[in-house]
Every structure is written in structure tokens, then in C-alpha cells.
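Secondary and tertiary structure notes
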Amino acid sequence: LWISKDTSLTGLIVGLFLLYVLHTCWVMFGIVYTKPCEKPKSDSCISPYLAGKPRLQLSIYTALRPNADGGHSLIHREEEFDVNTRFERLVNVSLPKKTRKNGTLYAMVFLHQAGVSPWQDPHQVHLVTQLTTYMLPKPPEISLITGQDDPQQKQSSDSELDRPVSHWRSRLTVNVVSENFQFDREALPGDVHRYMRVYQSGKKMIYLPLLFVDELSNRVKDLMEINSSSTELPLTISYDSIALGKLRFWIHMQDAVYSLQQFGFTEKDADEIKGIFVDTNLYFLALTFFVAAFHLLFDFLAFKNDISFWKHKKSMVGMSSKAVLWRCFSTIVIFLYLLDEQTSLLVLLPAGIGSLIEVWKVKKAFKIHVVWRGLTPAFLFGKFDESEKRTEEYDTLQAMKYLSYLLYPLCVGGAVYSLVFVKYKSWYSWIINSLVNGVYAFGFLFMLPQLFVNYKLKSVAHLPWKAFMYKAFNTFIDDVFAFIITMPTSHRLACFRDDLVFLVYLYQRWLYPVDKTRVNEYGVSYDEKPKGKSHKD
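In what follows, the accompanying structure is described. (Residues numbered from 1 in each chain as written. Predicted model: local features only at pLDDT ≥ 70, side-chain atom pairs only at ≥ 80, totals over all residues. Heavy atoms only, no water.)

Some words on the sheet that holds strand 2 (residues 56-63)
Paired through their backbone hydrogen bonds, the strands of a sheet run either parallel or antiparallel. If you trace the 4 strands from one edge of the open sheet to the other, you get 3-2-5-6, paired in antiparallel fashion. Looking along the sheet, the strands with just one partner apiece sit at the ends: strand 3 (72-81) and strand 6 (125-130). Here the strands of the sheet are splayed against their neighbours by 15° on average, with no regard to which way each runs. Here strand 2 pairs with strand 5 (residues 106-113) via 8 bridges, running antiparallel. Among the inter-strand pairings, Ala63 is bridged to a residue of strand 5, identified as Tyr106. (Pairing = 2+ DSSP bridges. Helix = DSSP H or I, 4+ residues; strand = E, 2+ residues; numbered from the N terminus. Axes fitted to C-alpha atoms, helices over the stretch in contact; angles between N-to-C directions.)

In C-alpha cells:
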């Protein structure tokens, strides 16, 4: 009965997941595809202004206020502007005194008729965007041995590091829809409507060029801190035409990032999501979506089966307690490292949940019971039987003995090298970085004791194979993420490191068939007849 309930729950989860994927595909199709006007000559169509091939100019101004009150300055004008011609210009922008004193600066992008001032052109379109954003300054890194740091960072006090300061966005990306698309007045998409300006020409409705400023291209890595001595800063102006489907998709993604920031996500948190869209093309983006969806499914099923396995486990026969302890330690270290690096909440929260589960598994593996005596907790350790002691002997006396000869000197040597030659924010940061480097570089060595225990017992029946297979699928999905998503090199290598261990596990699964007479992980033999009343039904 328990197995049938578990199987039906898994089937229900997979079914709901597939419905979610199909629904998302339908929504994405509705975003990318826009219904054209079926009768181009009728009055119900809205025709493009660009169909008349007008001569246009692109002008960009800076202002202290979004409505240009208080004056504006021209920083660039593209005289011979062609909608279909891509270009990139580097200009130096003079910063007003108010901006240098932790203020803001806006860019006003105009697309207007050639030879006509944008302020007097009735057919101009324009957008306003910020060239500055507020972020906490990066903490200074010093040499922990000599105490030397960057002279420019040395003046910052602790109170200044906690106050957001103005940062310069060094890129401005502008797009215009180049295709001559005729909209149906009755089926005008709401996302395009707010970027559309329409005027009447006789009986026809004409819409002006769809101008778009790409906010997703503003990455944290391109930001420059503004101080009182920054009189001029560089700005890279990029232009490219954009398809209508991509424009609608980009509008929705930009709104999603803005919504996350309204819910409390910082600029750095939002930057993690921006990187997925900006650093990959649409095909890789679609692949990323499906990979992330399946990763979420397998992650949930792996957690579910792992918790179910350890919840019903009564014996540690054949299980490496050192491997369980190492996984707990390494997961906590990685969580503290991500916390110290101020990583996005999207990465930090799953790491924190995984750490709590690993702590619970250590409690189960070592048979730890917590007894409260008033406000003071007391920890009681259970006893191992003879079979568990034999497993512990293989695990402790042989497997870990040989691994320690290689592990400890390399970890200590790497920590001493980084202490002398690398700069850190604090001693705590150095300790966490040294530990996480050891976890990433030598973590696979602590997976080997379980392989050694399997070899000595000539059995793999004690392992949670359902959870293992889901984690194996996730491991290979992580390999795809290693190429798609920006991540540290050490973390990328760790993805491929896990592949090797899982392949050896699969080989042992094939090499050592399951013995039906052997007691499984729940303390039950497959050959034992179930106890209880028989049911003829």
C-alpha cells in the first residue's frame, strides 16, 4: 500500500509538471506570435510609419530629471540613421555636480525626422532611462599578512560601506522594430500598446517606430562607482534592429525582473536573472528553460526519495558514515561561501535547504538523540551492531586512511598559498574560501569511501537507488548548465567530477546483482513473507 501511494504521488507530480511545461509553451507562443491584420487595406489596420522609408536621426540627451526640467545636454547624434544598420559608438559623458554628489542622471533617447529638432518634431518618439543606479560599494580586499590594500579603497569607513552609492551604467542599448508589421486594431497586444504612438492620416491609422531601450543589458559587471572626482565617464551606445516577437518577449522579461526588484531583490540578485537572457541567444534560452524545468523536477523527486529513504532507514549496514558526514560538512561550507559572496537568493535558498536536510541525515546516520534538560540540550549516541561495525571498519580504517595522506597536505598547502598571495575582505572570508576550495577540489575523494565499502561487501542493495538516479540525472543536467550559465571555474569542474563517481556507481550496480535474501535499507528481506492476515480478495 505504501509503495502504491508513493508511486501514485510521483505520477501525480510528474503529470502536474508536464501540464505546467505545456501551459508555459502555450503562453510563450502567445507572446512571440502576434496576429497580423487580415485585411491590409481596411480601416481596422494600423500601418507602420517606417513603410514610407522616412529619413531619420537618433539623438541622445542627458538630464538631471526625467522630464528634462533644469536643462539637457546632447551627448550623441546619429546623422545618417538606418533602422537596419547595426552600430556601436563610444562617447564620454560629462557628469553634473549633483550626479557626482551621489545623484542620478537620465538619458533621453529620441528617434525623429532628419533635419528637425526632436523637441519640435510632431512625429518623434522618445524613451527615458536611468544612466545611474544605486548599489552598496564593494568591500575593500586586503592582504591579511601585510595589511596592504588599494589606496582608493582605504578611505572608506564601515558606515560608508553600508550606504548605497551611485554607480554608472556604462552601456546603453537601443532597439527599433524594423519589420513593416500591420497590427489589427481589435487584437493589439497590451505589451506593445504602451510603446506605441499613433496618429491619424486621412482614414488610416499610422503607428510611429517602436523604440525600445534594453534594460536587461545593464549588468553589474559593467557598473562603475561614481565619486566626486569623476568628471567624465565613458558610455557605449549600441544599436540593433529587433524582431517584433523578440521585442514582446524582452518586454515581459524586463517586467519580470522589475517585479523581482519591487519584491526586495537587489541589483545583484536581478543581475543573475539578466545574465540568463543576455548572455545566451533565444535557442539556448529555450534549452535553458527546459533544462531548468527538468532540473527542478528531478531535484524535488531526489529530495522526496532521499528523505523517504532516510526516514525509514533502521541500519547503517553498507553505508559510509564518513561520506554522510562529509556531504553535510561540504554542503554547509558551500552555503556559507555563497552567503559570504552575497550570491543571489535563487542560489542561496536551495543551498540552505539542502544543508538542513544533510544535518538531519547525519543525525539519523549516527543515531543521535537530542534530550532537553531545561534549556540545555544533551546529545545521546546510539550503538552500532556487528554488521554496522564491520562497515565502519572498512570505512574508517582502510578507505579514509589512504585518502588522508593526499587530502590534508593539499588543503593546507592551498590555504597557505592563498593567504600569502591572494587578498581577502577578512579572516573569515579567507577561512571560508580555503574550505570551499578544498570541498570543490577534493570533494570527490570523500565520495570514494562508499565505492570502497561497496567493493568490500560486494553489494549495492543498501543504497537509495531512486534518489541516486534522480541525482544522476541532475548531475548530467548540471553539465549542460556549466556551458550555459556563468559560474566559477571550480564549480564547473565539480559538475564533471560528480559524473565520474556516478558512472562508477552504475558500474557497481551492474557488477553486484541485488541479493533477494539480503536485508534491504528498511530492514526487510524481499524473500520474507509479509506478516498479517491474508486477504483472499
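Brief notes about the pairing of strand 8 (residues 165-169)
Strand 8 sits mainly inside the fold: 5 of its 5 residues count as buried. Sheet topology note: the strand 7 (residues 132-135)/strand 8 ladder contains 4 bridges and is antiparallel. Across the sheet, residue Thr133 finds its bridge partner in strand 8, namely His167. As paired elements, strand 8 and strand 14 (residues 223-225) share 3 bridges and run antiparallel to each other. Opposite Arg169, over in strand 14, you have Leu223 as the bridge partner. (Buried < 20%, exposed > 50% of the residue type's maximum accessible area, 1.4 Å probe, protein only.)

Describing the packing of aromatic side chains
By the definition in use, this model includes 14 aromatic pairs. Look at Phe87 and Tyr239: their rings are 5.4 Å apart centre to centre, the planes differ by 25°, and that puts the pair in the stacked class. Linking Phe87 in strand 4 (residues 87-94) with Tyr239 in strand 15 (residues 232-242), this pair joins segments that are 152 residues apart in sequence. Phe87 gets classed as buried once you look at its relative accessible area, which sits at 10%. A relative accessible area of 2% means that Tyr239 is categorised as buried. For the ring pair Tyr195 and Phe212, a centre distance of 5.7 Å and an interplane angle of 65° mean the geometry is edge-to-face. Of this pair, Tyr195 sits in the loop between helix 4 (190-193) and strand 11 (198-201) while Phe212 sits in strand 13 (residues 211-213), placing them 17 residues apart in sequence. Here Tyr195 matches Phe212 in class, with each residue buried. Ring pairs connect the aromatic residues Trp26, Phe29 and Tyr33, which therefore count as one cluster. Over the ring of Trp250 we find Lys246, and its NZ or CZ is 5.2 Å from the ring centre. (Phe/Tyr/Trp six-rings, centres within 6.5 Å; stacked < 30°, edge-to-face > 60°. Lys NZ or Arg CZ within 6 Å of the ring centre and 35° of its normal.)

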